[in-house]
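# Descriptive analysis of the structure
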Amino acid sequence: MATAAVSSPPAKGSPDRGQDADRRRATRWLQALNFFMADMQAGIGPFLGVFLQQRGWQTGPIGSVMTLGGVAGMVMTVPAGAFIDHTDKKRWVVVITGICTVLASFLILWSQAGIVVGISQVATAIAGAAIGPAVTGMTLGVVRQKGFNAQNGRNQAWNHAGNVVGAGLSGYLGWKFGMPAIFFLAAAFGVLAIISVLSIPERAIDHRAARGLEDEDGDADEGGQAEGFKALLANKPMLVLAAALACFHLGNGAMLPLYGLAVVGAGKGDAAMFTATTVVVAQAVMIVASLIAMKVAAGRGYWLVLLISFAALPLRGFLAGTFIEHWGVWPVQALDGIGAGLQSVAVPGLVACLLNGTGRVNVGQGAVMTIQGVGASLSPAIGGWLAQELGYQTAFYILGGFAVASLALWIGFAGTLRPACAGGAKPEEAMA
């Protein structure tokens, strides 16, 4: 009588056990990286407007110099995504761009001349265009498509937590020691981010899976070839997503810095502490929103998650224009946390899902970031000049109104988007 074979767990020290250990270590350090890179990337950003305002800048030029950085980042996102798809040195991309981000921020501390601030914003934007796709690619390479939604949700929660801690410390240090202390805090977080990314085992990253080349079993497809860029243009859900995000960010991009300028300019808040509060409130809500988005996307798909995110902005614009008060930061920035927190999980997850199998996942991430950047880069200039010519109240109402176009697109193409946003749909099914 034949005896059934009993499979035993991998022996201690076996390759499978070693791979699992590397994967667990990689996911932990990915979360640490997202925590520390938050303040490295955005530590000075929310404070830049009030920092320059204190040194004699008007809202129009402040918005224009922010737009300059946004345009530079927008131009670089697709090339950066293509490079991330191609390179197997993703960790070093984060290291080099992190160093550049910190140095660029210190340029502003050294001089507030227009040309210097402009160069700093351009350098920071270019570095940011590479860091995002690099971290997304590493995450996909470690956990693959089937684990991406959950891990990306955790990454975003840690990233928002990093923003909360960084903004809180920035507000306290800026109040206690002056605005320059914020620059040094960003540098310290940058060093910790570099340590975190170098602690991720290189062998834990499958660089073919990182660009979306997996077979039906979720393993890296060794024989698969990356499709051409036309794979992006032929994907209708991708195009609708990009257009809706562009409209959203056209209104959303200027809202946070402009609200800080409005309240501080009216003498209703300390520059450093109020700006820190705007970030802390939004990012605290984003922690919860990103975890909820992860759960909802797994069960109901991404369409509903993004619909709610788009609906948050018109209400936010109305409240910002109606209540230019210190306490207004709570409802205004809570709505920012809902919109941005949901999108931080839904957008990368949906792009990875739509482009799985094409080998162009990180190019797709970069392309969507580019279209978002069109809106986000124009927003500070539009908001700044609207505020200068028509007043803050009118500027907020107009900015909030841009998201109505996002809602119209998202609801109007619901028949196409719902199957594509299901989370488990394959690209060819999404295109049907």
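Above this note sits the structure.
Before going into details, it helps to say that this report is about the structure given with it. Computed from a prediction, not measured in an experiment: that's the story for all the values here.

## What to know about helix α14 (residues 392–401)
Given 3.6 residues per turn, any residue in an α-helix points the same way as the ones three and four places further on. Within α14, burial applies to A395, F396, L399 and G400. With its buried residues spanning 125 degrees around the axis, α14 presents them on a single face. The secondary structure elements touched by the buried residues of α14 are α8 (236–252), α9 (255–265), α11 (302–322), α13 (361–390) and α15 (403–412).

## Here we look at empty space enclosed by the protein
The rolling of a water-molecule-sized probe over the atoms marks out the regions of remaining empty space. The tally for this structure, following the rule as stated, stands at 4 cavities of 30 Å³ or more. Approximately 70 Å³ is the volume found for the second largest cavity. Those elements that place two or more of their residues in the lining of the second largest cavity are α3 (59–86), α9 and α13. Here the lining of the second largest cavity takes 4 residues from α3, the largest share from any one element. Taken together, the residues of the lining of the second largest cavity sort by class into 7 nonpolar, 3 polar and no charged.

## Quick word on the packing of aromatic side chains
This model, assessed by the stated rule, comprises 11 aromatic pairs. Judged by centre distance (6.4 Å) and plane angle (25 degrees), the rings of F35 and F189 are stacked. Here F35, found in helix α1 (residues 15–42), pairs with F189, found in helix α6 (residues 180–198); they are 154 residues apart in sequence, far enough to count as distant. Accessibility assignment for this pair places F35 and F189 in one class, buried. Joined through ring pairs, the aromatic side chains of F35, F36, W158 and F189 make up one cluster.

## Side note on the packing of helix α4 (residues 90–110) against helix α5 (residues 114–177)
Contact geometry of α4 with α5 gives a least axis separation of 8 Å together with a crossing angle of 155 degrees. The angle between α4 and α5 places the two elements in the roughly antiparallel class. Like other packed secondary-structure pairs, α4 and α5 cross with a definite hand, here left-handed. A class-by-class count of the residues in the contact of α4 with α5 yields 16 nonpolar, 8 polar and 2 charged.

## Remarks on the environment of G391
Along the chain, G391 falls in the loop between α13 and α14. Residues G391 and A262 lie 129 residues apart in sequence; the distance between their C-alpha atoms is 9.3 Å.

## Remarks on a nonpolar patch on the surface
Taken together, the side chains of V71, V75, M76 and I126 present a nonpolar region at the surface, about 280 Å² in accessible area. For the nonpolar patch, the element with the highest residue contribution is α3, accounting for 3 residues. The residue V75 is located in helix α3 in this model.

Conventions and cut-offs
- Residues numbered from 1 in each chain as written.
- Predicted model: local features only at pLDDT ≥ 70, side-chain atom pairs only at ≥ 80, totals over all residues.
- Heavy atoms only, no water.
- Buried < 20%, exposed > 50% of the residue type's maximum accessible area, 1.4 Å probe, protein only.
- Helix = DSSP H or I, 4+ residues; strand = E, 2+ residues; numbered from the N terminus.
- Arc of directions from axis to C-beta.
- Contact = heavy atoms within 4.5 Å.
- 1 Å grid on protein atoms, 1.4 Å probe; cavity = no way out; pocket = protein on both sides within 12 Å on 5 of 7 lines; lining within 4 Å.
- Points joined across faces, edges and corners; volume = space filled by probe spheres on them.
- Nonpolar A, V, L, I, M, F, W, Y, C, P; charged D, E, K, R; others polar.
- Phe/Tyr/Trp six-rings, centres within 6.5 Å; stacked < 30°, edge-to-face > 60°.
- Axes fitted to C-alpha atoms, helices over the stretch in contact; angles between N-to-C directions.
- Parallel < 35°, antiparallel > 145°, perpendicular 65-115°, else oblique.
- Left-handed = near helix turned anticlockwise from the far one by under 90°.
- Patch = residues over 30% accessible without salt bridge, like charges linked within 9 Å, V, L, I, M, F, W, Y side chains within 5 Å.
- Areas by Shrake-Rupley, 256 points an atom, 1.4 Å probe, with all protein chains shown as cover.
- Salt bridge = Lys/Arg side-chain N within 4 Å of Asp/Glu carboxyl O.

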